[in-house]
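Architecture at a glance
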Amino acid sequence: MIKIDKLLEFLEAQYRKKTKKSLQIYRRAQRVMVQGGSHSLRLFSPYPFIITRAKGPMVYDFDRNAYIDYWQGHYANILGHNPKVLTDEFKRFSLEDGSLHTGFEGESQIKLAELLLKQLGHKDYRIRFTTSGTLATMYAVMLSQAYTGRDGVLKIGGGWHGASPYLLKGVKYYPQAGFEQAESAGVPKEILRKIFTTRFNDGDDLEKVLWRKGSEIACLIVEPFLGVGGFLAASQEYLDLARALTEKYGIVLIFDEIISGFRFCPSGVQKLYGIEPDLSTFGKLIGGGHAVSAVAGKSEILEKCLPQGSAKLRVLFEGGTFSSHTQYMRAGYVMLKSLADQASRIYPKIAATGENLRRRVEEVFGDRGIEVKCTGDGNDVVKGSSLFMVNFPLKRVRYTSAEDVWNPALSHVRLKEEVLKLALLTEGVHVVHGGGAASAAHEEKHVEQTIAAYSEAARLFKKYLY
Ligand SMILES: Cc1ncc(COP(=O)(O)O)c(C=O)c1O
C-alpha cells in the first residue's frame, strides 16, 4: 500500500508538470459543474487533461501534449477520431437538407435501419432508434416486461447497461456483497428485489437461477462479449444454453451489443455465434460519432410500443426529441456502410493490432518478472479482437467472468485503474481500465510507442512495487 502511494505520488508530480494549463481549465470546470464534468470515467484522478483536438489515433491537450488514445470515444470510434469518410460526409451537409434537427421523418433513418437489419440477417426483425445506450437497454427491458407480463430482470454480474432502475444492480464488485449490491440511490427497493444476477459464462449458475426464479423473469440481458466487465468472450456453449433456457422458461433474451456490435464483424457478434436473440441493443459506433442507439428485435415484441395498445399493456417507447436526427442517421449510415464495404481490410487489421498489443504488453511486464494477463482476446467463435484490458493476477485466475477481473482478491484492481493509467499518461498513452480498443487508425508506429510506454511503466512498477 505504502509503496503504491509512493509511486502514485511520483507519477502525479510528473503528470502535473506536463498538464498545467489543463489544471487551470479544470478548476474553471469545477466551479460550474459537479465534479468538474459530465462523465465520471473521464474525470480521473488527480484531474483530466483537457483536449483541444483529436485525429486518428491521437488526442492533443491545451499544454500541447499528444496522447495515443485507446478510449476512442468510449469505443465508438472504430475508424479512429474524425475519420475522413465521416468528415467528408459532414462537408456535404447543409442546413437546408436537415443537418440540424427538424423533427420530421426523413429517408436517412430508413437507410440506416435497412442496412442494420441486412447486416444482422434475421427474419422478421424491426428497429426503433433512440439516443443513448442507456435508453435502448431500458426500453428493451420494458418491452420484455410488457411482452411477458413479468417484472424480473436477470443480468450478468459485472454487466453495465447504463443507468436505468432495472439495471442498477451488480455492476461493480464489492468485497462483501460481490455483484449483489444496488448500484445507486434512488432505485426503489421493490425494483431491486426484482433484479437477479448470474455469473457470466457459467451455465450451471444460469440453470440454478432460472430453476428458482424462471417464472418471475421477463428477460435475460447479456453482452455476448462482456465489455466493462472484463472484455471477455462468451463461450458458444454458454450462449446456446442461454438461448435454450430462455425459450424453455418463456424469457426474452436480450443481447446488449452496444460495445460488441460491429466491433468484431460488420454485424452483431451474434452473427458469429449463429444465435438470434429476441431483442438486441446497439449504440456507440452505429452513430458514426453521434448519439444514436437502437433496439432491434422480433416484430411481435417491438410492437408492444405501438400506440394502439392499451396504456396498461404498451410501452411508451415513442418519444425522444432528438431520436433519428438526420445528421446522426447519415453519419451512422456512412459508418456502417464503410465497415460493411471494407470489412475484409478493417477487421483483420484491428484484430491484428489488438493481438499484438495483448501479447507484447504481457511480454514487457513478463520481462520484469511481473505477471500480466490481457483479456480481450476472442475464442474459437470470435476469432480476432481489437480489445485489450490489462490485469494483474494475484492468484491463478482463468479470466472467464467479471469477478476474475474486478474482485480485488483475485486481480490487483488499483494497480490497473490508478497507477497504470497515470504511468501511461506521463508517457503519452491514454487508456481506460488498463487498455481499450485499437482502431483502424492505429498503425505499427503507434503500437511501438505504446509498447515503449508500457515498458517504462513496467520498469517503474519493478522499481517501486515488486
Ligand atoms: C454494453 C453497454 N450497454 C449500455 C451502455 C450505456 O450506453 P450509453 O453510455 O450510451 O448510455 C454501455 C456504455 O458504456 C455499454 O457498454
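Predicted model only: the values in this text are computed from it and were never measured. (Residues numbered from 1 in each chain as written. Predicted model: local features only at pLDDT ≥ 70, side-chain atom pairs only at ≥ 80, totals over all residues. Heavy atoms only, no water.)

Focus: the pairing of strand β1 (residues 51-55)
Two faces belong to every sheet, and in a regular strand the side chains alternate between them. Where β1 meets strand β2 (residues 58-61), four bridges bridge the pair, whose relative direction is antiparallel. Paired with K55 across the bridge in β2 is M58. (Pairing = 2+ DSSP bridges. Helix = DSSP H or I, 4+ residues; strand = E, 2+ residues; numbered from the N terminus.)

What about the confidence of the model for the chain?
Per-residue pLDDT for the chain averages 96, and the proportion of residues at 70 or more is 99%. Mean pLDDT values over the elements of the chain span from 90, in helix α4 (residues 84-92), up to 99, in strand β10 (residues 252-256). (pLDDT = per-residue confidence, 0-100.)

What about the sheet that holds strand β16 (residues 436-437)?
Strand order in the open sheet made by the three strands is β13-β14-β16, with antiparallel pairing throughout. Both outer strands of the open sheet, β13 (373-375) and β16, are each paired with one neighbouring strand and no more. With three bridges joining them, β13 and strand β14 (residues 387-391) adopt antiparallel strand pairing. Paired with K373 across the two strands is N391, which belongs to β14. Where helix α13 (residues 343-366) meets the sheet, its contacts fall on β13 and β14, and the angle it forms with β13 comes to roughly 160 degrees. (Contact = heavy atoms within 4.5 Å. Axes fitted to C-alpha atoms, helices over the stretch in contact; angles between N-to-C directions.)

Some thoughts on the packing of α4 against helix α12 (residues 326-341)
Where α4 contacts α12, the two axes come as close as 10 Å, and the packing angle between them is 145 degrees. Handedness of the crossing formed by α4 with α12: right-handed. Contact with α4, carried on its side by V85, L86, E89, F90 and R92, involves R330, A331, V334, M335 and S338 of α12 and no other residues of that element. The residue inventory of the contact of α4 with α12, partitioned by class, reads six nonpolar, one polar and three charged. (Left-handed = near helix turned anticlockwise from the far one by under 90°. Nonpolar A, V, L, I, M, F, W, Y, C, P; charged D, E, K, R; others polar.)

What to know about the pattern of salt bridges
The full count for this structure, using the stated rule, is 23 salt bridges. With a shortest N-O distance of 2.8 Å, K349 and E443 are connected by a salt bridge. Of this pair, K349 sits in helix α13 while E443 is found in the loop between β16 and α16 (444-464), placing the two residues 94 residues apart along the sequence. A relative accessible area of 23% places K349 in the partly exposed class. Across the salt bridge formed by R459 and E456, the nearest N and O atoms sit 2.9 Å from each other. Taken together, the residues span about one helical turn, with R459 and E456 both in helix α16 at a distance of three residues. A network of salt bridges, in which partner residues are shared, links R199, D202, E403 and D404. (Salt bridge = Lys/Arg side-chain N within 4 Å of Asp/Glu carboxyl O. Buried < 20%, exposed > 50% of the residue type's maximum accessible area, 1.4 Å probe, protein only.)

Things to note about the domain arrangement of the chain
On domain assignment, one finds that the chain holds domain 1 (2-82 + 343-464) and domain 2 (85-341). Taking only C-alpha atoms, the centre of domain 1 and the centre of domain 2 are 27 Å apart. Taken together, the contacts link 38 residues of domain 1 with 39 residues of domain 2. When domain 1 packs against domain 2, the two sides together hide about 3,100 Å² of surface, and 65% of this comes from carbon and sulfur. The largest contributions to the domain 1 side of the interface with domain 2 come from Y75, Y347 and V381, which together make up 19% of the buried area. (Domains from an automatic or database assignment. Buried area = accessible area lost by both parts, 1.4 Å probe.)

Comments concerning the site of the ligand
All residues adjacent to the ligand are S132, G133, T134, W160, H161, G162, E223, D256, I258, I259 and K284. For the ligand, an oxygen atom lies 2.5 Å from a polar atom in the side chain of T134. Between a nitrogen atom of the ligand and a main-chain N or O atom of W160, the distance comes to 3.4 Å. When the ligand sits alone it has 380 Å² of accessible area, and the protein chains cover 83% of it. In terms of residue class, the shell around the ligand is made up of three nonpolar, five polar and three charged. (Near = heavy atom within 4 Å. Polar contact = N/O pair within 3.5 Å; in protein donor to acceptor, adjacent residues only side chain to side chain. Areas by Shrake-Rupley, 256 points an atom, 1.4 Å probe, with all protein chains shown as cover.)

Concerning unusual backbone geometry
Here the amide bond leading from S45 into P46 is cis, since omega sits at 5 degrees, within 30 degrees of zero. Note that P46 resides in the loop between α2 (20-32) and β1. Of note, Q72 is a non-glycine position whose phi angle comes to about 45 degrees, a positive value. Relative to the helices and strands, Q72 resides in helix α3 (residues 72-75). Judged by its relative accessible area of 0%, Q72 is buried.

So, the environment of M142
Mapping M142 onto the fold places it in helix α6 (residues 133-148). For M142, a relative accessible area of 31% translates into the label partly exposed. Remark: the alpha-carbon pair of M142 and Y273, spanning 131 residues in sequence, is separated by 26 Å.

A short note on the packing of aromatic side chains
Within the structure shown, the criterion is met by 16 aromatic pairs. Aromatic side chains F365 and F392 sit 5.5 Å apart centroid to centroid with 85 degrees between the ring planes, which places their arrangement in the edge-to-face category. With a gap of 27 residues between them, F365 in helix α13 and F392 in the loop between β14 and α14 (402-406) connect regions that are remote in the sequence. You can call F365 buried: its relative accessible area is 0%. The class for F392 is buried, based on a relative accessible area of 2%. Site record: aromatic cluster; members linked through ring pairs are Y15, F44, Y47, F49 and Y67. The ring of Y333 has K111 lying over it, and the distance from NZ or CZ to the ring centre is 4.6 Å. (Phe/Tyr/Trp six-rings, centres within 6.5 Å; stacked < 30°, edge-to-face > 60°. Lys NZ or Arg CZ within 6 Å of the ring centre and 35° of its normal.)

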